[in-house]
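# Summary of the model geometry
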Amino acid sequence: MYFLASLLNRIIFSLVILRFLTSDFMMDLGLLPERDADMIMVEGTSQLCNDLLVDPQDVVMLVISWHMKAATMCEFTRQEFFDGLQSIGVDSIEKLREKLPSLRAEIKDDHKFREIYNFAFAWAREKGQKSLALETAIGMWRLLFDGRHWPLIDHWCQFLQVKHNKAISRDTWSQLLEFVKTIDPQLTNYDEEGAWPYLIDEFVEYLTENGCVQRRK
Amino acid sequence: MSSKKRPARIEPFRHRVETDPKFFDKSWKKLHDAIREIYNHNASGLSFEELYRTAYNMVLYKHGPKLYENLIETMTGHLQEMRRSIEAAQGGLFLEELQRKWDDHNKALQMIRDVLMYMDRTYIPTHKKTAVFDLGLELWRDNIVRSSNIRVRLLNTLLDLIHSERMGEVINRSLMRSTTKMLMDLGSSVYQDDFERPFLKVSASFYSGESQQFIESCACGEYLKKAQKRLDEEAERVAQYLDAKTDEKITAVVVKEALTNHMQRLFLMEDSGLVNMLVEDKYEDLTMMYNLFQRVPDGHSTIKSVMTSHVKESGRSLVTDPERLKDPVDFVQRLLNEKDKYDNIISISFGNDKSFQNALTSSFEYFINLNNRSPEFISLYVDDKLRKGMKDANEEDVETVLDKVMMLFRYLQEKDLFEKYYKQHLAKRLLSGRAASDDSERSMLVKLKTECGYQFTSKLEGMFTDLKTSQDTTQGFYGASSSDAGDAPLISVQILTTGSWPTQPCSTCNLPPEILSVSEKFRAYYLGTHNGRRLTWQTNMGTADIKVTFGNGSKHELNVSTYQMCVLMLFNSADCLTYNEIEQATAIPPVDLKRCLQSLALVKGKNVLRKEPMSRDISPNDNFYVNDKFTSKLFKVKIGTVAVQKESEPEKMETRHRVEEDRKPQIEAAIVRIMKARRVLDHNSIVTEVTKQLQPRFLPNPVVIKKRIESLIEREFLERDKTDRKMYRYLA
């Protein structure tokens, strides 16, 4: 969604620069630029999406990246790529394209979703950073919870932008999933003594103050 | 002729037993008549020996049962007669007659018993009959005391007399005593059933009524006096004419009716109740109340809770009153006065009761911490006491005051905040030379160390050490450079170790050339012996003594701050200077410079400078002149900048912010310590443990603890448990 769009803008810009700088890149399999013969980078990823007939913002890209245990968004090493294809059980782009619906469905599986969700944190991070930038995090959350129907997703994102404005820690990221899974949208079973991260406590306060939920204190 | 003599045999003497059919009747008649004479006070004409023998023979010849029966019959008959006589007695003579007849009966009974002693010892025990004397008592009981008329009349008479006495009349106490003794002699159950129980019931309703009346009309203290009086009366009554066991019971009745049932109302009585007594130090009333309510269930605990809420409430209004907050020293003095007041009450009226002392402590802890400036104010109070100006108070007084202040200190939750302020204030005291007595300062330090441990005071002690060392260094400086002395100004340098002293941002200041040269000489000297150190002059903390000759001829020695000295020295080479010129020449920051000039020019009695125009505030083009008309009674005039004051709002926020920042690492250290020891622990337990560990310094906010835990997770000191998200695990 939003984040990939901004990312793509950067991609295009760097693409232009790259064109000027490297006059002779060839693509092996139409995907790998010669310069970085062991890496699929940003533009390669974009090419891959084209070949798969998939929107770069499609969540299936995340699923595929997870299978590949990709370290960073929009980057695949040779090892990651081929190991990933193997784990998915395909050996060609066409077969991969056929597999897309079932890959997308993996989101629905609770166990796999949890793994994909927790994987997403490190994957979406900027290299060398410990925390996840807020904008990226919000984008990821929207992507992930879109199919899972968490009613409070909009409030959550709004709250973060208004009150928090800082990066998201790993603990907060993973605890949010617990929160979504165990606490009902009216917060009736939310326990203040529940050792939730501070940010989530603040979120509950925010919801109560704005009358989004009726909590009996 | 030898007649064989039989050996002598002793044969039992055989009476010729004459079974005289009339034996029993004759014998009995003798006894019967004798008894009659006994009851008629004619015993003197009888022969004890004969009667005894008669009875003896009767029992011997197996006439015991009949004798016994007849005895009962006879005595009953006489008792019936007595009864009639008693019943006939009118009014007040009733008890007397009863008493008289009782005496008679007792005497008769003794004689009868003596006469029938043989039967008492043989027939009666073997046939399990009641002994003669006891039999006599039982008969008395059944025929007299419990006869329908007498029973009622006796009880009513007794109760009426008691009532009259309670109402102030005088009654015949010895008669009462002998009557109740009679009942006791008849058996304690007789006493209890026939007298004591109804007595208690009647007393209960009497006191219930009286208390109700009193409580409507009396103030609390008065009521208590009356209650005490009644209790004393009843105790005396029991001692005089009731059985001792009744004491406890009647006391319980009075306590219940007069005190227990009206406890709440008494305590909460307006204008005279417990609260009023506390406020007005009515020691006598309070002592009475404490003693009386000892016997009331929950009496003391109710007093304690009323006292506690009162102290909390008055304390709370004291610390939140904006008027009081204007003068910190006064604020603390009032707290001390409050503490003294209640200490006195507890020691004088409540017998130094430990549980009351504890209740007082918790009340103080509660309200002192309602005002988050309490730590600062207490430090200011101590500062005030330790400055010069307390010379008139002797060492002992100061010690006592400091000890009392330490009590308040113990109540503080935020002891680390106090430490910060104490450090600031101590630094100012030491550097301005205004600490009155080194001994008192050190004594205070020792008290703090005893209370809080070594870390609390180690830095503070460092300050004292620095000053001592500085003295030695300055002496060394002058010893080494004696030849250069000349008319260079004398300096006394205090070298402060960074870290021991509160940090102050140092600002610019151009020292006058004379000062500059000698201070640079000192720097050179010092760095010569202490290689590798760095010295920075703290111009905002120094003082100077300047000799001034004014235009009108008066000479004075002024004690001023360094800034003020820089300003004044300018006037050695200029008569008039504008604010701007002064600012440029001295390079002192404007805020400080303005304050400095105000203290030199606008304070009555200390206006060594003159300002034109004479307005309060200082504008860039104002002109300053030396005030040639300056006079003062004293030769030495102090114009130092003011003593420490309570902080302004921004300063306060700054200090608080620093303290909060200091707390974070302490909290983290505590968390790590705990987790290292326990390995795995749940969230709430961590919060509890951390709070416990840090309690001597401050009360950590659970939200801050949570944030620190999250920070430690982020830095991989801890992790959440995989299965239970409320548990944390220590990562080695």
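About the criteria used
- Residues numbered from 1 in each chain as written.
- Chains lettered and ligands numbered in written order.
- Predicted model: local features only at pLDDT ≥ 70, side-chain atom pairs only at ≥ 80, totals over all residues.
- Heavy atoms only, no water.
- UniProt positions renumbered as here; feature names shortened; annotations may be inferred.
- Helix = DSSP H or I, 4+ residues; strand = E, 2+ residues; numbered from the N terminus.
- Buried < 20%, exposed > 50% of the residue type's maximum accessible area, 1.4 Å probe, protein only.
- Contact = heavy atoms within 4.5 Å.
- Areas by Shrake-Rupley, 256 points an atom, 1.4 Å probe, with all protein chains shown as cover.
- Pairing = 2+ DSSP bridges.
- Domains from an automatic or database assignment.
- Salt bridge = Lys/Arg side-chain N within 4 Å of Asp/Glu carboxyl O.
- Polar contact = N/O pair within 3.5 Å; in protein donor to acceptor, adjacent residues only side chain to side chain.
- Nonpolar A, V, L, I, M, F, W, Y, C, P; charged D, E, K, R; others polar.
- Core = buried A, V, L, I, M, F, W, Y, C linked by side-chain atoms within 4.5 Å.
- Axes fitted to C-alpha atoms, helices over the stretch in contact; angles between N-to-C directions.
- Buried area = accessible area lost by both parts, 1.4 Å probe.
- Phe/Tyr/Trp six-rings, centres within 6.5 Å; stacked < 30°, edge-to-face > 60°.
- Lys NZ or Arg CZ within 6 Å of the ring centre and 35° of its normal.
- pLDDT = per-residue confidence, 0-100.
- Patch = residues over 30% accessible without salt bridge, like charges linked within 9 Å, V, L, I, M, F, W, Y side chains within 5 Å.
- Lys, Arg positive; Asp, Glu negative; His and termini not counted.
- Charge placed at Lys NZ, Arg CZ, Asp CG, Glu CD.
- Parallel < 35°, antiparallel > 145°, perpendicular 65-115°, else oblique.
- Left-handed = near helix turned anticlockwise from the far one by under 90°.

In the nomenclature of an unreviewed UniProt entry, chain B is known as Cullin family profile domain-containing protein of Brachypodium distachyon. According to the UniProt record, the Sequence similarities (unreviewed entry) comment for chain B is "Belongs to the cullin family."

As annotated in an unreviewed UniProt entry, chain A carries the name Defective in cullin neddylation protein and is attributed to Brachypodium distachyon. Comment text from UniProt for chain A, heading Function (unreviewed entry), reads "Neddylation of cullins play an essential role in the regulation of SCF-type complexes activity."

Of regular secondary structure, chain A possesses ten helices and four strands. When the elements of chain A are put in sequence order from the N terminus, they spell out α-β-β-β-α-α-β-α-α-α-α-α-α-α. Scored against the burial criterion, the 217 residues of chain A give a buried share of 45%. Excluding contacts between residues fewer than 6 apart, the proportion of contacts in chain A whose partners are at least 24 apart in sequence is 66%. Within the structure as shown, chain A displays about 11,600 Å² of accessible surface, and the carbon and sulfur contribution to it stands at 52%.

What follows covers unusual backbone geometry. B:P613 follows B:E612 through a cis peptide bond whose omega is -5°. Checked against the element boundaries, B:P613 lands in the loop between β4 (609-612) and β5 (623-626). Notably, A:L53 is not glycine yet its phi reads approximately 60°, a positive angle. Mapped onto the fold, A:L53 is located in the loop between α2 (42-52) and α3 (59-67). Of note, B:D298 is a non-glycine position whose phi angle comes to about 65°, a positive value. As for its position among the elements, B:D298 is in the loop between α15 (283-292) and α16 (299-320).

Residue and element names in this part refer to chain B. Where burial is concerned, most of strand β2 (residues 555-561) is hidden: six out of the seven residues are buried. Bridging between β2 and strand β6 (residues 636-638) involves three bridges; their strand directions are parallel. Across the sheet, the residue bridging to E557 is K636, located in β6.

All names here are of chain A. Its domain assignment divides chain A into domain 1 (38-107) and domain 2 (129-210). Between domain 1 and domain 2, the C-alpha centre-to-centre distance is 28 Å. Residue-level contacts link five residues of domain 1 with five residues of domain 2. The tally of links between domain 1 and domain 2 comes to zero salt bridges. Our count for the domain 1 to domain 2 interface comes out at zero residue pairs in polar contact (both at pLDDT 80 or more). Of the residues belonging to the side of domain 1 that touches domain 2, the class tally is four nonpolar, one polar and no charged.

All names here are of chain B. Residues A544, I546 and V548 point to one face of strand β1 (residues 543-549) and are all buried, whereas T543, D545, K547 and T549, pointing to the other face, are not buried. Pairing of β1 with β2, which is carried by seven bridges, proceeds in the antiparallel orientation. Among the inter-strand pairings, A544 is bridged to a residue of β2, identified as V560.

Residues B:L116, B:M119, B:W140, B:L224, B:F293 and B:Y422 are the most contacted members of the largest nonpolar core, which totals 137 residues. At ten residues, the largest contribution of residues to this core is made by helix α10 (residues 188-217) of chain B. Once residues lying within four places of it in the same chain are set aside, the contact partners of B:F293 are B:L224, B:L259, B:M263, B:L266, B:F267, B:G299, B:H300 and B:I303. Counting residues in each nonpolar core, the second largest holds 66 residues, with A:V63, A:M68, A:L132 and A:I183 among its members.

Before going further, it helps to spend a moment on the sheet that holds strand β8 (residues 718-720) of chain B. Residue and element names in this part refer to chain B. Read from one edge of the open sheet, three strands run β7-β9-β8, paired in antiparallel fashion. Either end of the sheet is taken by a strand with one partner, and the two such strands are β7 (680-682) and β8. Averaged over neighbouring strand pairs, the angle between their axes works out to 30° when direction is ignored. Pairing between β8 and strand β9 (residues 727-730): three bridges, direction antiparallel. Directly across from R720, in β9, lies its bridge partner Y728. Helix α29 (residues 683-694) rests against β7 and β9 of the sheet, and its axis sits at about 90° to β7.

Now for the interface of chain A and chain B. Interfaces are often sized by the amount of accessible area the parts lose when they come together. Taken together, the 16 residues of chain A in the interface contact 14 residues of chain B. Regarding the contact of chain A and chain B, the summed buried area is about 1,300 Å², with carbon and sulfur atoms giving 42% of it. Across the contact surface, chain A and chain B share two salt bridges. Between A:D201 and B:K706 there is a salt bridge, and its shortest N-O distance comes to 2.2 Å. Those elements that provide at least two residues to the side of chain A that touches chain B are α9 (170-182) and α10 (198-209) of chain A. The element that contributes the greatest number of residues to the side of chain A that touches chain B is α9(A), accounting for five residues. Of the residues that constitute the side of chain A that touches chain B, the class distribution is four nonpolar, five polar and seven charged.

Through backbone hydrogen bonds, the strands of a sheet pair up, either in parallel or in antiparallel fashion. All names here are of chain B. The three strands are arranged β3-β5-β4 in an open sheet whose pairing can be described as antiparallel. Looking along the sheet, the strands with just one partner apiece sit at the ends: β3 (576-578) and β4. Taking each pair of neighbouring strands and ignoring which way they run, the sheet shows an average axis angle of 30°. Pairing analysis gives three bridges linking β3 to β5, with the strands arranged antiparallel. The residue of β5 that forms the bridge with C576 is Y625. Contacts between helix α26 (residues 579-586) and the sheet are confined to β3 and β5, with β3 contributing the most and set at about 85° to the helix. Against the sheet, helix α27 (residues 590-601) touches β4 and β5, its axis set at about 110° to β4.

Here we take up the packing of aromatic side chains. Within the structure shown, the criterion is met by 44 aromatic pairs over all chains. Ring centres of A:F76 and A:F81 lie 6.3 Å apart, and the angle between their planes is 65°; on these two criteria the pair is classed as edge-to-face. A single burial state applies to A:F76 and to A:F81, both of which are buried. Its guanidinium or amino end placed over the ring of B:Y366, B:K312 lies 5.0 Å from that ring's centre, counting from NZ or CZ. Note that B:K341 overlies the ring of B:Y342, its terminal NZ or CZ placed 5.9 Å from the centroid.

Bringing the domain arrangement of chain B into the picture now. One can read the domain layout of chain B as domain 1 (22-144), domain 2 (543-638) and domain 3 (649-730). The C-alpha centroid of domain 2 of chain B is placed 121 Å from the C-alpha centroid of domain 1 of chain B.

A word on the confidence of the model for chain B. Residues with a pLDDT of 70 or more make up 96% of chain B, whose mean pLDDT is 88. In the model output, the complex is listed with pTM 0.75 alongside ipTM 0.76.

Together, B:K547, B:K606, B:K636 and B:K638 give the surface a local cluster of positive charge. One can find B:K606 in the loop between α27 and β4.

This paragraph deals with the packing of helix α8 (residues 148-166) of chain B against helix α11 (residues 220-241) of chain B. Residue and element names in this part refer to chain B. At a minimum axis distance of 12 Å, the contact between α8 and α11 shows a crossing angle of 135°. The orientation of α8 with respect to α11, classified from their angle, is oblique. Between α8 and α11 lies a crossing of right-handed hand. Facing α8, whose interface residues are I162, E165 and R166, α11 presents R230, E234, R237 and Y241.

Attention shifts here to the side chain of B:S203. By the element assignment, B:S203 lies in helix α10. With near-sequence residues (within four places) excluded, B:S203 lies in contact with B:R166, B:I250 and B:V253.

The next thing to look at is the pattern of salt bridges. All names here are of chain B. Scanning the entire structure with this criterion turns up 68 salt bridges over all chains. R141 is the salt-bridge partner of D142, the closest N and O atoms lying 2.9 Å from each other. Put simply, E668 and R715 hold a salt bridge, and the shortest N to O gap is 2.6 Å. One end of the pair, E668, is in helix α28 (residues 649-678); the other, R715, is in the loop between α30 (702-714) and β8, with 47 residues separating them in the sequence. Residue E668 is classed as buried on the basis of its relative accessible area, which comes to 12%.

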